[in-house]
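A closer look at the structure
Listed below, chain by chain, are the residues.
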Amino acid sequence: AGTEYPEWVTERYLQVPENVAPALRILAEEITAQYDNPFDKTQAITAYLRNEIEYTTEITDTPPENRDPVLWVLFDYKKGFCMYYASAETLMLRSIGIPARMAVGFAEGTFNEIEERYIVTFEDAHAWPEVYFPGIGWVEFEPTGNQAPLERPETKQLAEEISEPLDPALAISPLRT
């Protein structure tokens, strides 16, 4: 998809707090060193988080005073829930120049076979990162360990069917169902 990002994307979706940027950038660069495009780099960071951070529904310890909670989970505690996974991936990607944002909503819930519909409850609340790709728009990724990994089509057919939204700032990922 390239790296020719519109100005509205670079102005808003590359920001990282100065106090966390160096540590995140070093780790992100180590994880993505062998890749040369934003999609592969994003996939590498997603896989890293899925493999290195243990999923838990609650944080029982407290970060040390003056320690950023995302850095603490990422480097020390190594456990977290979706908000930590999504925050970490969003900030790591931004630190290496890949526009990202965090989205919140709900996972698909549980399928009720009798009623033939999904039941979505408060426990299905979820956060995930979305990455901007020129010509495609916002694409979601799933770094959270308790969620099924996203599977992308192997062909270009879906990408060819996607057109640039009229208002890209409000675009909903075309792959999210």
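Fair warning: this is a prediction, and the values are worked out from it, not measured in the lab.

Quick look at the overall build of the chain now. Looking only at helices and strands, one finds six helices and seven strands in the chain. If you list the helices and strands of the chain from N to C, you get α-α-α-β-α-β-α-β-β-β-β-β-α. Here the chain holds 177 residues, and the buried ones make up 39% of them. Taking all contacts inside the chain whose residues are at least 6 apart in sequence as the whole, residues at least 24 apart take part in 61%. A total of about 10700 Å² of accessible surface is found on the chain, and carbon and sulfur atoms cover 50% of it.

What follows covers the side chain of E89. Position of E89 among the secondary structure elements: in helix α5 (residues 82–95). A polar side-chain atom of E89 sits 2.6 Å from a polar atom in the side chain of T46. When near neighbours in sequence (up to four residues on either side) are disregarded, E89 contacts T42, I45, T46, L49, P129, F141 and P143.

Further remarks concern the packing of helix α3 (residues 38–52) against α5. At a minimum axis separation of 10 Å, α3 and α5 run at an interaxial angle of 145 degrees. The handedness of the crossing between α3 and α5 is right-handed. Residues T42, I45, T46 and L49 of α3 form the contact with α5, whose own contacting residues are Y85, A88, E89, M92 and L93. For the contact of α3 with α5, the residue count by class is six nonpolar, two polar and one charged.

Here we come to the packing of aromatic side chains. In this structure the tally under the stated criterion is ten aromatic pairs. Considering the side-chain rings of W8 and Y13, the 6.4 Å spacing of their centres and the 85 degrees angle between planes classify their relative orientation as edge-to-face. Taking the relative accessible area as the measure of exposure, Y13 reaches 9% and is therefore buried. Arranged with centres 5.5 Å apart and planes meeting at 75 degrees, the rings of W8 and Y132 form a pair that is edge-to-face.

Rules used throughout
- Residues numbered from 1 in each chain as written.
- Predicted model: local features only at pLDDT ≥ 70, side-chain atom pairs only at ≥ 80, totals over all residues.
- Heavy atoms only, no water.
- Helix = DSSP H or I, 4+ residues; strand = E, 2+ residues; numbered from the N terminus.
- Buried < 20%, exposed > 50% of the residue type's maximum accessible area, 1.4 Å probe, protein only.
- Contact = heavy atoms within 4.5 Å.
- Areas by Shrake-Rupley, 256 points an atom, 1.4 Å probe, with all protein chains shown as cover.
- Polar contact = N/O pair within 3.5 Å; in protein donor to acceptor, adjacent residues only side chain to side chain.
- Axes fitted to C-alpha atoms, helices over the stretch in contact; angles between N-to-C directions.
- Left-handed = near helix turned anticlockwise from the far one by under 90°.
- Nonpolar A, V, L, I, M, F, W, Y, C, P; charged D, E, K, R; others polar.
- Phe/Tyr/Trp six-rings, centres within 6.5 Å; stacked < 30°, edge-to-face > 60°.

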